[in-house]
Amino acid sequence: MLDLILKKRSLAFRISVKSGVSALMIILAVGLPQIAHAAGGTAAASVWMPMYAPALLAGCLLGWQWGLGVGIASPLISFGFTTLALGTGMPRAASLPYYVLELAAYGLVSGLFAKKIQQNAALAFPAVLAAQLSGRTVYIVYNLIAGREFAALWQNVQTGLTGLYLQAVIVPLIVIALAFALKKE
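Novice: Help me understand the layout of surface pockets in this model?
Specialist: Within this model, the largest pocket holds a volume of roughly 520 Å³. Forming the walls of the largest pocket are 27 residues, and the residues nearest its centre are S46, Y52, S95, Y98 and Y99. Sort the elements by how many residues they give to the lining of the largest pocket and helix α8 (residues 124–145) lands first, with 4 residues. Class assignment of the residues belonging to the lining of the largest pocket gives a composition of 14 nonpolar, 10 polar and 3 charged.

Pasting the structure below:
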């Protein structure tokens, strides 16, 4: 979506802006779960899934390459910062592979809609829904291959439905608001 206003700028400027927005999304993906943990305990992040919204936003705003990058980098940087540096234990090392794969799917799939979202910001709604469906499918498939039982996985999916529902509304509304604001410029 940002490509529309950056179109007349140099490649270096476009990359700088997209890098800055990506860095902001990664900072949000690292910080929001910490806020959720502090406010509601460890279970709050499982319910609200705050790390996922920045990957969705990155895809919708920046395209699939940048969304994929944010989706991969966010859990890795979160693990490095919060688990290794701060010793909080969240996310756990055992959870890291599925976080990386799932968030990568979120950023990639929402990013595949980015050019269409530039033309019609309301398409962020199906973009987010498709990304969520893809990401949760990746989560289930990866964990089934890793030997986890489907019933436990399905319970985790149900636990996160509140966060998914909220993000399915809030993320597209943010994209629409940004599109509206950018059109004024």
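Novice: Please clarify how unusual backbone geometry should be interpreted in this entry.
Specialist: Excluding glycine, most residues fall at negative phi; most peptide bonds, likewise, are trans. The phi dihedral of M49 is positive, around 50°, even though this residue is not glycine. Residue position: M49 is located in the loop between α3 (42–48) and α4 (52–62).

Novice: What is the right way to look at a nonpolar patch on the surface in this model?
Specialist: Judged by side-chain polarity, W48, L166, V169, I170, L173, I174 and L178 come together as a nonpolar surface patch covering roughly 580 Å² of accessible area. Per-element tally for the nonpolar patch: the top contributor is helix α10 (residues 161–184), with 6 residues. On the basis of relative accessible area, I174 is assigned to the partly exposed category, the value being 34%.

Novice: Could you clarify how one ought to interpret the side chain of S22 in this entry?
Specialist: Looking at the secondary structure, you find S22 in helix α2 (residues 11–40). The exposure class assigned to S22 is buried, which follows from its relative accessible area of 7%. A polar side-chain atom of S22 sits 2.9 Å from the main-chain carbonyl oxygen of K18. Beyond its immediate stretch of four places on either side in the chain, S22 contacts L62, W66 and V70.

Novice: Can you walk me through the nonpolar core in this structure?
Specialist: The nonpolar side chains of a soluble globular protein tend to be buried, and buried together. Grouped together as the largest cluster of nonpolar side chains are 32 residues, with contacts concentrated most on C60, Y106 and V175. Those elements that provide at least two residues to this core are α2, α4, α5 (64–85), α6 (96–111), α8 and α10. A total of 9 residues in this core trace back to one element, the largest contributor, which is α4. With sequence-adjacent residues up to four places away left out, Y106 is seen in contact with M49, Y52, A55, L56, A131, Q132, G135, R136 and L164. If you look at the next biggest cluster of nonpolar residues, it comprises 5 residues, including Y98, Y139, I140 and L153.

Novice: Before we go on, may I ask you to explain α6 in this structure?
Specialist: Each full turn of the α-helix corresponds to 3.6 residues, which orients residues three or four apart in the same direction. Spanning 16 residues, α6 covers 22 Å between terminal C-alpha atoms, matching the ideal 22 Å at 1.5 Å per step. Counted residue by residue, α6 has 12 buried out of 16 residues, so it is predominantly covered. Among the residues making up α6, those that are buried are L96, Y98, V100, E102, L103, A104, A105, Y106, G107, V109, S110 and G111. Where α6 is buried, its residues meet α4, α5, α7 (114–119), α8 and α10.

What counts as what
Residues numbered from 1 in each chain as written. Predicted model: local features only at pLDDT ≥ 70, side-chain atom pairs only at ≥ 80, totals over all residues. Heavy atoms only, no water. 1 Å grid on protein atoms, 1.4 Å probe; cavity = no way out; pocket = protein on both sides within 12 Å on 5 of 7 lines; lining within 4 Å. Points joined across faces, edges and corners; volume = space filled by probe spheres on them. Helix = DSSP H or I, 4+ residues; strand = E, 2+ residues; numbered from the N terminus. Nonpolar A, V, L, I, M, F, W, Y, C, P; charged D, E, K, R; others polar. Patch = residues over 30% accessible without salt bridge, like charges linked within 9 Å, V, L, I, M, F, W, Y side chains within 5 Å. Areas by Shrake-Rupley, 256 points an atom, 1.4 Å probe, with all protein chains shown as cover. Salt bridge = Lys/Arg side-chain N within 4 Å of Asp/Glu carboxyl O. Buried < 20%, exposed > 50% of the residue type's maximum accessible area, 1.4 Å probe, protein only. Polar contact = N/O pair within 3.5 Å; in protein donor to acceptor, adjacent residues only side chain to side chain. Contact = heavy atoms within 4.5 Å. Core = buried A, V, L, I, M, F, W, Y, C linked by side-chain atoms within 4.5 Å. Expected span 1.5 Å × (residues − 1).

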